[in-house]
Amino acid sequence: MKLRQFGFIATLLAAASIAGSGVHPHGPDVPARPVGAAEVVSLNGLRNAGFGDTEEDLTRRGLLRTDEEACGPTLAGHGEVSPIFVDDRLVLLWLDDPMTTPEGISAGTPVGEVRAVYPGAAALPAPPGSHRFAGLLARHGDRAYLFLHDGVTVREIIAGYADWARRLFDEGYGPC
């Protein structure tokens, strides 16, 4: 290799290294996560864990984990999801960012956008004197999304069986 070729290659490597180093930009104009990093949760559940699946089946398939550090069982590969079981069946999924509905609603979405996407959603006011969020229950058959909000933005999303989502709201149950 000639000295000039070596120098050219070294310069290219140095430029590539400099371009990929340093502080990555952040702020309100820069997305907090890569585009496409969100996972969609439908009213059937996740791609590999559906509502009505048993704890035993999810464990057998290697999808349900019980970590000591978690507040309850978690779904493998879904640290942003807390499954809620009743009588050994998956009835609700408590979702955190970056999980999203098929329509693109996630934590942080303005309440007005949720109302536009789900115009039939029932408004559920927070109980007087409580420190709980208000809710919007978007029901479709026996399934629903429960959007907990502060009046401005969505703070939490729960997906699953509508009756259990409503009961969760009424009783103030959390994922932990």
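See the structure shown above.
In this report, we go over the structure that sits alongside the text. Values in this document were obtained by computation on a predicted structure and should not be read as measured data.

Description of the side chain of His-149
On the secondary structure map, His-149 appears in strand β7 (residues 143-149). Within the local environment of His-149, its side chain forms a polar contact with the backbone nitrogen of Gly-151, the two atoms lying 2.9 Å apart. For His-149, the contacting residues outside a window of four places in its chain are Val-111, Phe-133, Ala-134, Gly-135, Leu-136, Val-154 and Arg-155.

Notes on the pattern of salt bridges
This structure, assessed with the given rule, holds nine salt bridges. Where Glu-39 meets Arg-47, a salt bridge forms, and the shortest distance between an N and an O atom there is 3.5 Å. Given the relative accessible area of 18%, Glu-39 is considered buried. Two residues, Arg-143 and Asp-142, come together in a salt bridge whose shortest N-O distance is 3.3 Å. For Asp-142, a relative accessible area of 45% corresponds to the partly exposed category. Connected via shared salt-bridge partners are Asp-53, Asp-57, Arg-60 and Arg-61.

What about the nonpolar core?
In this structure, Leu-93, Leu-146 and Phe-147 are the most contacted members of the largest nonpolar core, which totals 42 residues. The element best represented in this core is strand β4 (residues 89-95), accounting for six residues. If near-sequence neighbours (up to four positions away) are discounted, Phe-147 is found in contact with Thr-101, Ile-105, Val-114, Tyr-118, Ala-134, Gly-135, Leu-136, Ala-138, Val-154, Glu-156 and Ile-157.

Some details on the pairing of strand β6 (residues 134-140)
Each regular strand carries side chains that alternate between the two faces of the sheet. Within β6, five of the seven residues are buried, leaving the element largely enclosed by the surrounding structure. Of the pairings in the sheet, the one linking strand β5 (residues 122-124) to β6 comprises three bridges and is antiparallel in character. Opposite Ala-123, over in β6, you have Leu-136 as the bridge partner. As judged from the seven bridges shared by β6 and β7, these two strands associate in the antiparallel manner. Directly across from Ala-138, in β7, lies its bridge partner Tyr-145. Where β6 folds back onto β7 in an antiparallel hairpin, the turn is made up of two residues, including Gly-141, whose phi is positive at roughly 65 degrees.

Quick word on the sheet that holds strand β8 (residues 154-161)
Pairing within the open sheet is antiparallel, and its six strands lie in the order β3-β4-β8-β7-β6-β5. Both edges of this open sheet fall to β3 (81-86) and β5, since each of them pairs with a single strand only. Shown here is a sheet whose adjacent strand axes are inclined to one another by a mean of 20 degrees, direction ignored. In terms of strand pairing, β3 meets β4 through six bridges, oriented antiparallel. Residue pairing in the sheet places Val-81 in a bridge with Leu-95 of β4.

Rules of the game
By convention here, each chain's residues receive numbers from 1 onward along its written sequence. In keeping with the model being predicted, local features are shown solely for residues with a pLDDT of at least 70 and side-chain atom pairs are shown and tallied solely at 80 or more, while totals for entire chains, interfaces and linings include all residues. The side-chain figures draw on all heavy atoms in the structure; neither hydrogens nor water molecules are used. Helix and strand assignments come from DSSP, with helices taken as H or I runs of at least 4 residues and strands as E runs of at least 2, each series counted from the N terminus. Identification of polar contacts relies on pairs of N or O atoms within 3.5 Å, with a donor-acceptor requirement for protein atoms, meaning one able to donate a hydrogen and the other able to accept it, and with residues adjacent in sequence counted only if both atoms are side-chain atoms. By the convention used here, residues are in contact when the closest approach between their heavy atoms is within 4.5 Å. Salt bridge, as applied in this entry: a Lys or Arg side-chain nitrogen positioned within 4 Å of an Asp or Glu carboxyl oxygen. Under the scheme applied here, a residue whose accessible area is under 20% of the maximum for its type counts as buried, over 50% as exposed, and between as partly exposed, the area being computed with a 1.4 Å probe on protein chains only. For the purposes of this section, nonpolar cores are sets of buried Ala, Val, Leu, Ile, Met, Phe, Trp, Tyr and Cys residues that join through side-chain atoms within 4.5 Å. Strands were regarded as paired on the criterion that DSSP finds at least two bridges between them. Between N-to-C directions, angles span 0 to 180 degrees; the directions come from axes that are lines fitted to C-alpha atoms, helices contributing only their stretch in contact.

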